[in-house]
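Each chain, letter by letter, is given below.
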Amino acid sequence: MKKMTRFCLAFCLFAALGLSSLHASTVVPTTPLSTEKTAADPRTEALTRRLEEIKGIDKSQLSARERKALRKETREIKKAIGGGVYISAGLLIVLLVVLILVL
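Because the structure is predicted, anything quoted here is derived from the model rather than measured.

Moving on: the pattern of salt bridges. If you walk through the whole model with that rule in mind, you get three salt bridges. R50 is the partner of E53 in a salt bridge, and the nearest nitrogen-oxygen pair spans 3.2 Å. Remark: R50 and E53 occur in helix α2 (residues 42–56); sequence separation between them is three residues, near one turn of the helix. With a relative accessible area of 47%, E53 lands in the partly exposed category.

Bringing a nonpolar patch on the surface into the picture now. Residues V85, I87, L91, L92, V94, L95, L96, V98, L99, V102 and L103 make up a contiguous nonpolar surface patch of about 1,100 Å² in total accessible area. Along the chain, L95 turns up in helix α4 (residues 89–102).

This part covers the nonpolar core. One finds L47, L51, I54, L70 and I77 forming the largest nonpolar core, which totals five residues. Those elements giving two or more residues to this core turn out to be α2 and α3 (64–81). Residues within four places of L51 in sequence aside, it is in contact with T74, I77 and K78.

Taken together, the side chains of R65, R67, K68, R71, K72 and R75 present a region of like positive charge at the surface. Along the chain, R75 falls in helix α3.

Below, the discussion takes up the side chain of T74. Locating T74 in the fold gives a position in helix α3. Once you skip the residues sitting within four places of it in the chain, T74 turns out to touch L51 and I54.

With that settled, the discussion passes to the confidence of the model for the chain. Taken as a whole, the chain shows an average pLDDT of 77; of its residues, 71% reach a score of 70 or greater. Mean pLDDT across the elements of the chain bottoms out in helix α1 (residues 2–25) (65) and peaks in α3 (92). Every residue in residues 33–37 is under pLDDT 50, and counting partners more than four places away or in other chains gives zero contacts.

Each α-helix turn comprises 3.6 residues. Residues three or four places apart therefore point the same way. Compared with the 26 Å implied by 1.5 Å per residue over 18 residues, the 26 Å span of α3 between its first and last C-alpha is a close match. All of the buried residues in α3 are L70, T74 and I77. Down the axis of α3, the sector holding all buried residues measures 65°, keeping them to one side. Exposed residues lying more than 90 degrees from the buried face of α3 are A64, R65, K68, K72, R75 and K79. Those residues of α3 that are buried lie in contact with α2. At the exit of α3 stands G82, carrying a positive phi of roughly 85°.

One way to put it is that α2 packs onto α3 with a least axis distance of 10 Å and a crossing angle of 150°. Classified by the angle between their axes, α2 and α3 sit roughly antiparallel to one another. For the pair α2 and α3, the crossing hand works out as left-handed. On the side of α2, the interface is formed by R43, T44, L47, T48, R50, L51 and I54, while α3 contributes L70, E73, T74, I77, K78, A80 and I81. The residue makeup of the contact of α2 with α3, split by class, is seven nonpolar, three polar and four charged.

About the criteria used
- Residue numbers restart at each chain and count upward from 1, following the sequence in its written direction.
- The predicted origin of the model limits local features to residues at a pLDDT of at least 70 and limits the giving and counting of side-chain atom pairs to 80 or more, whereas totals for whole chains, interfaces and linings rest on all residues.
- Hydrogens and waters are ignored; side-chain quantities use all the structure's heavy atoms.
- We count a salt bridge whenever a side-chain nitrogen from Lys or Arg sits within 4 Å of a carboxyl oxygen from Asp or Glu.
- Note on conventions: DSSP H or I runs of at least 4 residues are helices, E runs of at least 2 residues are strands, and numbering of each starts at the N terminus.
- With a 1.4 Å probe rolled over the protein chains alone, any residue whose accessible area is under 20% of its type maximum counts as buried; one over 50% counts as exposed, and the rest are partly exposed.
- What makes a patch is a set of residues exposed beyond 30% relative accessible area and free of salt bridges, joined within 9 Å when like-charged and within 5 Å when nonpolar (Val, Leu, Ile, Met, Phe, Trp, Tyr).
- Throughout, the Shrake-Rupley method with a 1.4 Å probe supplies accessible areas, and for residues the shown protein chains are the sole cover considered.
- The nonpolar core is taken to be a set of buried Ala, Val, Leu, Ile, Met, Phe, Trp, Tyr and Cys residues, with the residues joined through side-chain atoms within 4.5 Å.
- Contacts are assigned to residue pairs with any non-hydrogen atoms lying within 4.5 Å of each other.
- Charge counting treats Lys and Arg as positive and Asp and Glu as negative, with His and both chain ends excluded.
- Taken as the charge location is NZ of Lys, CZ of Arg, CG of Asp or CD of Glu.
- Per-residue confidence from the predictor is reported as pLDDT, a score between 0 and 100.
- What a helix should span is 1.5 Å times the count of its residues minus one.
- The directions from the helix axis to the C-beta atoms are what the arc is built from.
- Geometry is summarised by axes, namely lines fitted to C-alpha atoms with helices restricted to the contacting stretch, and by angles between N-to-C directions that run from 0 to 180 degrees.
- An angle counts as roughly parallel when it lies under 35 degrees, as roughly antiparallel when it exceeds 145, as roughly perpendicular when it falls between 65 and 115, and as oblique in every other case.
- Left-handed describes a crossing whose near helix is turned anticlockwise from the far helix by less than a right angle; the clockwise case is right-handed.
- Residues are grouped as follows: Ala, Val, Leu, Ile, Met, Phe, Trp, Tyr, Cys and Pro are nonpolar; Asp, Glu, Lys and Arg are charged; every other residue, Gly included, is polar.

Right, here's the structure in full:
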C-alpha cells in the first residue's frame, strides 16, 4: 500500500509539472523592468577585456605550453569574474521528487 501511495504521489506530481510546463510555453515573454546597466568594477572590465584578447589570439601559432598557459589564465579570469551556480529545471524537479519520496 505504501508503494502505491508513493507511486500515485509521484504520478500526480509529474502530471502537474507536465501541465504547468505546457502552460508556460504559451506565455509571452516580457521585457525586464530595468534595462540600465550597472556600473561594473574597473577590475572586472579589465579582466573582461583580457578575456576578449585571449579569444582573439591565433592559437595555431602558439606552442603547447603557451596554449596551456592561456587556458589556465582563462579559467582563472572566469573564476575571478564569477558566474554563479546554475541549476537546471530538470535537476530541480528531480531533487524535489527525491526529497518528497525520502521524507
